[in-house]
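# Close look at the chain arrangement
So you can see what is in the structure, the chains are spelled out below.
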Amino acid sequence: MVPDKAHQNEAKLGRLVVVSNRLPISITRAKRGEWHVEPAMGGLVTALTPVLRERKGLWIGWPGIGEEIDPAELSMAQGSGLGYQIRPVMLSDQEVDEYYFGFSNEILWPLFHDLQNFCNFNPAYWKTYQAVNRKFAEAVAQSVEEDDYIWVHDYHLTLLARELKSLGLPFKVGFFLHTPFPSPDIFMKLPWRSQLLNALLEYDLLGFQTTRDRNNFIYCAEALIRNIHHDARRQVSVITAQGRRARVGAFPISIDFREYARQASVDLVGERVADLRRAIPDNQIILGVDRLDYSKGIPEKLKAFRYALERHDDLYGQVTLVQVVVPSREDIPRYQELRDEVEGLVSEINGQFTQWGWVPIHYMYRNLDRLELLAYYRAAEIALVTPLKDGMNLVAKEYCAANRDRNGVLILSEFAGSATQLRHSALLVNPYDIEGVANAIHRAYKMEVGERRARMRRLRKSIRDRDIFWWVESFLQVAAS
Ligand code: ADP
Ligand code: F6P
């Protein structure tokens, strides 16, 4: 349900036009050759769908597929139950390589996660990134109407407001960054730092996940732009620079808590939990669920688990790590190398510890459907969420929402955006500190049920109070003011 205030903002903001790299659809080819288009799952889609339906909104983005699909065929999606319009931006194979895999995911992604050594600062990527941002701006220009509010998402489209202005479009444009924003020490490594930062200041409202990210952005602006004024007295600060005025705030994204909690309670999930319990009897399940990404700290987590088994005899034969890894960005060499590293470690650790009737790590490399994922969340006594850096990390919140028995322990990296909100009730760890994470695993294993319940109740309340609808509303309320 969308909160009432969203209706008040509707009048002030008009139709909502969402722009993101990916459209909220998933496309597959059926056996007979025809394309099958379905609405995609995910928090952003869930949150924005009611607002888009109410306002007869529009979502503009790349369909996630190369040149092989005819845009006309995509119009099928209009009838697939989305309830609002979509407009595809088609990208050539070269654009996908250089804008999506290249600039977005071999430069901005590692840089924004403080991993500048992983960046491939290829100048060709920058050229294509600018051209594709221009292409998105042209698609927006052809679709917008007077009084539309344009809300752009994520690091793929940092230049869009600038491009819209250069096309002479006077619209108010908001931007939300789903990743972290780095400190000046890191950001300054970007060869195109001034262009990118100046382009971001063309947005009317810039939303970040945490106050730390918002402050990092402000420090970078102060370092790079002369005569900048910054009013930090309010929760949403105002930056004025060379005649431009941008508002910057922190809006921590969340999940549809009630829907996760409801789905986790359905009988099918309960049956799956019982199956899992039978397959892994008399063990506490420690769960890891991560996209295959070096920012998620999967090798470090596996090393910490090994260390815990080596140092704490009472864990031996008593805990099972279920590690789900979701395939991602498989065309990028670093991601392929990471998969080899993770799978090598899993087999080393299992080789070292497995005994009759006990395999310490159950490893899966695939997408799971929602009910199966919920069954893992519900069955796990401990969640091990240890990214080296993460914008928010929704898995941490989903685990708590699904923890119907309220006895799970969340071990959470202090470098995940969600730690800002959950720090008092999770067990906070530094993911680089193998011994510290191992000790947290042991502490979680030994934790009495009273303490588990008290912590989990607080975690769930905090996530329920600030759910995904709260997030949309908070952003749009500021946008309308
Ligand atoms: P990121 O956006 O970097 O991948 P998040 O933790 O914020 O990280 O979000 C991951 C999303 O992917 C969650 O909504 C989660 O439910 C979903 N997800 C995680 N594991 C799987 C899986 N095995 N199959 C399908 N979806 C998954
Ligand atoms: O967290 C940033 C993000 O872009 C998410 O929005 C998305 O779910 C994830 O990374 C995977 O991104 P993609 O497969 O589009 O590269």
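Residues numbered from 1 in each chain as written. Chains lettered and ligands numbered in written order. Predicted model: local features only at pLDDT ≥ 70, side-chain atom pairs only at ≥ 80, totals over all residues. Heavy atoms only, no water.

### Remarks on the domain arrangement of the protein
- Split into domains, the protein comes out as domain 1 (16–253 + 469–480) and domain 2 (257–465).
- The interface of domain 1 with domain 2 comprises 23 residues on the first partner and 21 residues on the second.
- Of the roughly 1,900 Å² buried between domain 1 and domain 2, counting both surfaces, carbon and sulfur atoms make up 61%.
- If you sort the residues of domain 1 by the area they bury against domain 2, F101, W109 and F118 come out on top, with a joint share of 27%.
- Seen at the junction of domain 1 and domain 2, the total is one salt bridge.
- Inspection of the domain 1/domain 2 interface yields five residue pairs in polar contact (both at pLDDT 80 or more). (Domains from an automatic or database assignment. Contact = heavy atoms within 4.5 Å. Buried area = accessible area lost by both parts, 1.4 Å probe. Salt bridge = Lys/Arg side-chain N within 4 Å of Asp/Glu carboxyl O. Polar contact = N/O pair within 3.5 Å; in protein donor to acceptor, adjacent residues only side chain to side chain.)

### Remarks on a positive patch on the surface
- On the surface, a cluster of positive charge is made up of R404, R406, R453, R457 and R464.
- The residue R406 is located in the loop between α14 (394–402) and β16 (409–413) in this model. (Patch = residues over 30% accessible without salt bridge, like charges linked within 9 Å, V, L, I, M, F, W, Y side chains within 5 Å. Areas by Shrake-Rupley, 256 points an atom, 1.4 Å probe, with all protein chains shown as cover. Lys, Arg positive; Asp, Glu negative; His and termini not counted. Charge placed at Lys NZ, Arg CZ, Asp CG, Glu CD. Helix = DSSP H or I, 4+ residues; strand = E, 2+ residues; numbered from the N terminus.)

### Some thoughts on the site of ligand 2
- The environment of ligand 2 is formed by R22, Y100, W109, D154, Y155, R291 and R329.
- Take R22: an N or O atom from its side chain is 2.7 Å from an oxygen atom of ligand 2.
- When the residues that make up the shell around ligand 2 are grouped by side-chain class, the tally is three nonpolar, no polar and four charged. (Near = heavy atom within 4 Å. Nonpolar A, V, L, I, M, F, W, Y, C, P; charged D, E, K, R; others polar.)

### Some words on the sheet that holds strand β1 (residues 16–22)
- Spatially, β5-β4-β1-β6-β7-β8-β11-β10-β9 is the arrangement adopted by the nine strands of the open sheet, whose pairing is mixed. The sheet is open, and its two borders are formed by β5 (85–88) and β9 (228–231), each paired with just one other strand. Averaged over neighbouring strand pairs, the angle between their axes works out to 20° when direction is ignored.
- The pairing of strand β4 (residues 58–62) with β5 spans four bridges and is parallel. Bridging across to β5, W59 finds its partner in I86. (Pairing = 2+ DSSP bridges. Axes fitted to C-alpha atoms, helices over the stretch in contact; angles between N-to-C directions.)

### Observations regarding the packing of aromatic side chains
- Summed over the entire model, instances satisfying the criterion amount to 27 aromatic pairs.
- Pairing Y100 with F101 gives two aromatic rings, centres 4.8 Å apart and planes at 65°, and the pair type is edge-to-face.
- Members of the aromatic cluster, connected to one another through ring pairs, are Y99, F103, W126, Y129, F136 and W192.
- Positioned over the ring face of F118 is R334, at 3.9 Å from the centre of the ring. (Phe/Tyr/Trp six-rings, centres within 6.5 Å; stacked < 30°, edge-to-face > 60°. Lys NZ or Arg CZ within 6 Å of the ring centre and 35° of its normal.)

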